[in-house]
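Fold and contact review
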Amino acid sequence: LFPYTTLFRSAAVFALAVHVTDVRVALINGIRSVALVLLSWLLPVMTLLVGAFLAALPATGLAPLWATGSATAILLAAAATLIILINAAYQDGAQDRPPHWALQIAARTAGLVLAPLVFIAGYSVWLRVEQYGLTADRVMVAAVLAIVGCYAAGYVLAALWPGRWFKPLEATNVIASVVALGLIVAMLTPLADPARIAVDDQMRRLRAGLTTPEAFDYNFLRFQAARYGREALAALARDKSSPRAQAIAVKAQQTLAGATPPGVAPRSAKDLLAKVVLRPQGRLPDSFVNQDWSSLPSLTSTCIYNSSPNARPCTAYFLDFDGDGVAEILIGSNFRFHAYRQAADGVWRSIGYFDPGECGAHLEAFLETGRFQLVP
């Protein structure tokens, strides 16, 4: 519930602030007008960038976008930015002071390019669901796609509207807001609880044979799917109706008996670190692998604990990353790397992490060959 309650609190505080400042209407209107005008002139730039991206797709394909590892987030962020900028250009739609003709053209073009952005984002999510099934995160992303899809459909209609300039935008904003509130309320109830939907889909894939008993993520049911996952895991542990069900039951019972969830270091991390790949060659130092991490909750690289067989393995690099003449150990994946340094007492401790951002698949090649620079 935390992300939703935070959102509601922020919205309530913002609404209260707007009402409090209504005592100085002229001041607020002036600030709002300046902000909207400045934002509206970003619309042609953003529209040009998105249009160039879409125009280049026939030549480049979608592979470079998939290589970023966050295609859906990038596309949805671009779509949300276009929606905000279109509204900044439209403002209240007053006909006595219409926006500049360049903004009108940019808004119509932006309304048209929204649809392919949302379509590609939906295709990206569908690919992951088709491969690995639904998770709670993917259910929430699907809800966001539905909301953005409402905006995209309405704005395409507005862009092609023959009458008053972009008039359908007003109705679209209201409808999309109602859809968003409805989905949020539904996801806060068992009706559309992301955890319940994800568990049902993962169980369906297991029963249908789309996921093998060996590849199924039992830890997801126990630690990441609320009570629905625990109930499903218990049901799997009780089912002895067939040899396949018995094999699943054994793994489910082992998961239920385990005490350590993914993300919390066990007494010895040796087994977990055994799957870490050291580049360009070699193996992690024994002092690091055999260290007792139970009192040092700093073995925090998420990929170490991801037990899914489809998960990308951790990669480690033994190099001087902070320029002090002493080599550190970097462990992680394209999404986040954690750095560990050996102190004078021989204990390895985490000294921080960094997110590669837009480096994508190129980052590991640079780390492996040492082709990087340290800058303040």
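**Examining the sheet that holds strand 5 (residues 348–354)**
- With mixed pairing, five strands are arranged side by side in an open sheet as 1-2-3-4-5. With one partner strand each, in any of the chains shown, strand 1 (277–279) and strand 5 form the two edges of the open sheet. Here the average twist between neighbouring strands, direction ignored, is 25°.
- Note: strand 3 (residues 328–332) against strand 4 (residues 337–342), four bridges, orientation antiparallel.

**Observations concerning the pattern of salt bridges**
- Tallied over the full model, the rule gives seven salt bridges.
- The residue glutamate 170 makes a salt bridge to lysine 167 at a minimum N-O spacing of 2.8 Å.
- By relative accessible area, which is 28% here, glutamate 170 ends up partly exposed.
- Among the salt bridges present, the one from arginine 204 reaches aspartate 201, with a minimum N-O distance of 2.8 Å.

**Here's the deal with helix 9 (residues 194–208)**
- Here helix 9 is 15 residues long and its end C-alpha atoms lie 21 Å apart, about the 21 Å a rise of 1.5 Å per residue gives.
- Of all the residues in helix 9, the buried ones are Pro194, Ala195, Ala198, Val199, Asp201, Gln202, Met203, Arg205 and Leu206.
- If you follow the buried residues of helix 9, they end up packed against helix 6 (101–132), helix 7 (136–159), helix 8 (168–187), helix 10 (218–223), helix 11 (226–238) and helix 12 (243–257).
- The opening residue of helix 9, the one whose side-chain oxygen lies 2.8 Å from the backbone nitrogen of alanine 195, is aspartate 193.
- Immediately downstream of helix 9, the backbone of glycine 209 shows phi near 85°, a positive value.

**Some points on the packing of helix 6 against helix 7**
- Packing of helix 6 against helix 7 leaves a shortest axis separation of 8 Å and a crossing angle of 155°. Between helix 6 and helix 7, the crossing angle belongs to the class labelled roughly antiparallel. Remark: the crossing between helix 6 and helix 7 carries left-handed chirality. Listed contacts from helix 7 to Arg108, Gly111, Leu112, Leu114, Ala115, Val118, Ala121, Gly122, Val125, Arg128, Val129 and Tyr132 of helix 6 are Arg138, Val141, Leu145, Val148, Gly149, Ala152, Tyr155, Val156, Ala158 and Ala159.

**Concerning the side chain of threonine 211**
- With respect to the helices, strands and loops of the structure, threonine 211 is situated in the loop between helix 9 and helix 10.
- For threonine 211, a relative accessible area of 13% gives the class buried.
- If near-sequence neighbours (up to four positions away) are discounted, threonine 211 is found in contact with Arg205, Leu206, Phe216 and Arg244.

**Digging into the pairing of strand 4**
- As paired elements, strand 4 and strand 5 share six bridges and run antiparallel to each other. Residue tyrosine 340 lies in a different strand from strand 5, and its bridge partner there is serine 350.
- Once strand 4 ends, the chain turns through five residues before running back antiparallel as strand 5, passing glycine 346 with a positive phi of about 85°.

Parameters at a glance
Residues numbered from 1 in each chain as written. Predicted model: local features only at pLDDT ≥ 70, side-chain atom pairs only at ≥ 80, totals over all residues. Heavy atoms only, no water. Pairing = 2+ DSSP bridges. Helix = DSSP H or I, 4+ residues; strand = E, 2+ residues; numbered from the N terminus. Axes fitted to C-alpha atoms, helices over the stretch in contact; angles between N-to-C directions. Salt bridge = Lys/Arg side-chain N within 4 Å of Asp/Glu carboxyl O. Buried < 20%, exposed > 50% of the residue type's maximum accessible area, 1.4 Å probe, protein only. Expected span 1.5 Å × (residues − 1). Contact = heavy atoms within 4.5 Å. Polar contact = N/O pair within 3.5 Å; in protein donor to acceptor, adjacent residues only side chain to side chain. Parallel < 35°, antiparallel > 145°, perpendicular 65-115°, else oblique. Left-handed = near helix turned anticlockwise from the far one by under 90°.

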